[in-house]
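Now for the letters of each chain:
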Amino acid sequence: MDAVTVEHLSKRYGATLAVDDIGFRIARGATVGLLGGNGAGKTTTIAMLLGLLIPSAGQIRVLGVDMARDRFTALARMNFSSPYVALPSRLTVAEILRVYGHLYGVPRLEQRIRTLAEELDLTALLRQPSGQLSAGQKTRVALAKALINRPEVLLLDEPTASLDPDTGDWVRTWLERYRDESGCAMLLASHNMAEVERLCDDVLMMKQGRVVDRGSPAALLARYGRDDMEDVFLDIARDRRAMGARP
Amino acid sequence: MSGPARRIWGLLYRHLALYRRSWPRLLELAYWPVLQMLIWGFTARFLAARLAAAPGGGPHEAGLAAAALLGGVLLWEVALRGQMGVAIAFMEELWSRNLAHIFVSPLRPVELVAGLLAMSFVRVLAGVGPAILVAFVLYHFNLFMLGPVIVLFFANLMVMGWAVALGVVSLILRHGAGAEALAWSVLFGLTPFAAVFYPVSVLPAPMRAVAFLVPASHVFEGMRAALLGGRVLWGQLGWASGLNLLWIGAAVALFAWQFRGARRRGALLGAGE
């Protein structure tokens with residue numbers, strides 16, 4: 001069984017079709033990348049997967065659960081991280097993890113917080129208010145929050161945005177390790193093409209709400225005759241067609 | 001702890017942790033209720049002295065009039081603090097731009113509401129408690145002389161405040177942070193109809209009709225009867241409780257409707273703007 005199944009998913013805001021009849025699957029232990037320019041529909045898609053947004057049409061199943069009928073059962077086994085959604089800045093790192101540990105019903109919570117703090121190098125920061133941390137430290141806290149319930153499905157919206165290359169690499173390594181050890185399925189929205197090439201088994205290229213191309217990074221590179229994903233991204237954004245599609 | 005109880009505790013813990021490390025927030029809890037009590041306490045003392053010295057007046061009547069005034073001030077603070085407690089707890093999530101994390105957790109909307117109400121209860125205790133103490137120490141007014149019925153007065157006023165607050169939260173979900181100002185002002189608008197300091201009978205007929213629908217007006221009629229005549233007006237309490245059931249039911253339905261509407265419009269994505 002796939003961890004995530006999306007079929008004929010659409011979202012309409014008045015006359016605007018933000019997401020237009022898309023479908024994809026994420027196998028357990030796989031990472032799928034969601035690529036596209038601003039306004040392509042990536043955030044809308046993630047919001048629908050999280051139950052923040054009610055689709056206009058289509059079906060989403062996460063871990064076998066129909067999100068339209070019983071999203072809370074699935075949400076307990078999922079999590080989400082985005083640098084664009086803040087965590088309470090006056091609470092300490094330990095308090096934030098405690099809050100979310102309770103919300104997600106994490107057993108042996110204090111032990112889990114200690115383990116995560118050790119693994120993500122947060123032990124020295126546990127008593128510090130999150131508002132006083134650097135961008136890199138905040139990203140590690142957001143990651144700890146996202147992993148507090150040992151999620152089986154993890155949705156990541158630009159997890160390394162605004163991080164220096166060293167910290168970004170550290171986060172990517174950590175995500176790879178967690179996925180490989182836990183079998184977690186990941187959906188990654190990112191503008192960092194090197195990150196997508198490194199982490200993703202499959203990539204969905206979105207434009208104007210539609211999935212306009214898909215495939216593994218290697219397959220996309222071959223199809224567009226390019227050496228890196230950035231050029232593939234630009235080809236799609238500028239309506240240059242894949243080599244196989246040329247007459 | 002069961003799943004729902006643990007999630008509600010998680011939300012409550014988030015706010016308690018916030019208050020623990022923010023002295024301005026702690027100060028704000030009791031500042032207005034104590035200030036109100038100081039101002040109205042001296043006013044009541046002055047009026048009681050004049051009344052006691054007036055022809056036909058006496059110390060007993062003056063004392064009862066002052067008690068009715070102070071009782072009104074303290075009990076109205078329960079409704080005000082109850083309403084603000086819910087609205088401010090919700091707005092703390094807006095201000096910290098944390099709502100999306102809350103809404104993608106397994107916390108059900110009904111548990112979110114329960115957590116906000118629990119935090120409001122804590123705020124009422126922390127805010128009105130010191131004012132009750134000030135009334136007792138400075139003006140020798142003991143609110144608990146009303147007897148066990150005080151619990152029902154408290155409960156009814158708090159529930160009325162919650163109903164108004166859920167209406168405010170619903171408006172914030174619908175109109176965004178622009179509706180925040182209502183959190184501080186909306187219940188003050190009901191004060192003329194709540195009959196806090198005067199009986200409903202002094203109101204003009206059209207205002208009496210509105211006052212009848214306000215649970216607080218029945219509570220304050222009951223409070224004055226208990227203070228001045230030592231009687232419990234169970235009929236008034238019944239009306240207050242019935243109206244509260246009606247209003248809180250309507251407020252929860254409005255919240256559920258607006259929450260679903262916000263999920264449909266995508267308003268939860270940018271909540272806080």
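Position numbers for residues count from 1 along each chain, tracking the sequence in the order it is written. To label them, take the chains in the order written and letter them from A, then take the ligands in the order written and number them from 1. Reporting in this predicted model follows two pLDDT cut-offs: at least 70 for local features of residues, and 80 or more for side-chain atom pairs to be given and counted; totals over whole chains, interfaces and linings ignore these cut-offs and use all residues. Only hydrogens and water are set aside when side-chain values are computed; all heavy atoms of the structure are taken into account.

Novice: Describe in detail the sheet that holds strand E5 (residues 65-66) of chain A, supporting the description with residues and values.
Specialist: Hydrogen bonds between backbone groups are what pair the strands of a sheet, and the pairing can be parallel or antiparallel. All names here are of chain A. Only strands joined by at least two bridges in the DSSP assignment are considered to pair. Put simply, DSSP marks the helices as runs of H or I at least four residues long and the strands as runs of E at least two long, and each gets a number from the N terminus on. Taken in spatial order, the four strands line up as E2-E1-E4-E5 in an open sheet, and their pairing is antiparallel. The open sheet is flanked by strand E2 (16-26) and E5, the only strands paired with a single partner. Of the strand pairs in this sheet, strand E1 (residues 4-13) and E2 are connected by seven bridges, and their pairing is antiparallel. Paired with Leu9 across the bridge in E2 is Ile22.

Novice: Describe the pattern of salt bridges, and please don't skip the residues or the numbers.
Specialist: Here, a salt bridge means any side-chain nitrogen of Lys or Arg that lies within 4 Å of a carboxyl oxygen of Asp or Glu. A full pass over the atoms with the stated rule returns 22 salt bridges over all chains. When the shortest N-O distance is used, the salt bridge between Arg25 of chain A and Glu7 of chain A registers 3.6 Å. Taken together, the residues span a long stretch of sequence, with Arg25 of chain A in strand E2 and Glu7 of chain A in strand E1 at a distance of 18 residues. Exposed residues in this analysis have more than 50% of their type's maximum accessible area, buried residues have under 20%, and partly exposed residues fall in between, with area computed by a 1.4 Å probe over protein chains only. Classification of Glu7 of chain A by relative accessible area gives partly exposed; the value is 33%. Across the salt bridge formed by Arg21 of chain B and Glu95 of chain A, the nearest N and O atoms sit 2.7 Å from each other.

Novice: Please give an account of the domain arrangement of chain A that cites residues and values.
Specialist: Residues and elements named next belong to chain A. Assigned domains within chain A: domain 1 (1-77 + 166-247) and domain 2 (85-150). Start and end positions for the domains come from either an automated domain assignment or a database one. Its C-alpha centre places domain 1 at a distance of 27 Å from the equivalent point of domain 2. The contact rule is simple, with two residues in contact once any of their heavy atoms fall within 4.5 Å. Between domain 1 and domain 2, the residue contacts involve nine residues of the former and 10 residues of the latter. By definition, the buried area sums, over both parts, the 1.4 Å-probe accessible area that each loses when the two are put together. With both chains or domains summed, domain 1 and domain 2 bury close to 840 Å², and 73% of this area falls on carbon and sulfur atoms. On the domain 1 side of the interface with domain 2, the three residues burying the most area are Trp170, Trp174 and Tyr178, jointly 55% of the side's total. Our count for the domain 1 to domain 2 interface comes out at zero salt bridges. Any pair of nitrogen or oxygen atoms within 3.5 Å is treated as a polar contact; in protein, a donor-acceptor pairing is required on top of that, and neighbouring residues in sequence qualify only through side-chain atoms on both sides. Here domain 1 and domain 2 share two residue pairs in polar contact (both at pLDDT 80 or more) between them. By residue number, the principal contributor to the side of domain 1 that touches domain 2 is helix H6 (residues 165-182), which donates six residues.

Novice: Now, about the interface of chain B and chain A: what can you tell me, with residues and values included?
Specialist: With 33 residues of chain B at the contact, the number on the chain A side is 33 residues. Of the roughly 3,200 Å² buried at the junction of chain B and chain A (both faces included), carbon and sulfur atoms supply 62%. Scanning the region where chain B abuts chain A turns up two salt bridges. Between Glu95 of chain A and Arg20 of chain B there is a salt bridge whose closest N-O contact spans 2.5 Å. Summed over the shared surface of chain B and chain A, the number is 13 residue pairs in polar contact (both at pLDDT 80 or more). Put simply, the parts of the chain that give the side of chain B that touches chain A at least two residues each are helix H1 (3-20), helix H4 (99-103) and helix H11 (234-265) of chain B. Throughout, the ten residues Ala, Val, Leu, Ile, Met, Phe, Trp, Tyr, Cys and Pro are labelled nonpolar, Asp, Glu, Lys and Arg are labelled charged, and all others, Gly among them, are labelled polar. Its residues assigned to classes, the side of chain B that touches chain A comprises 15 nonpolar, six polar and 12 charged.

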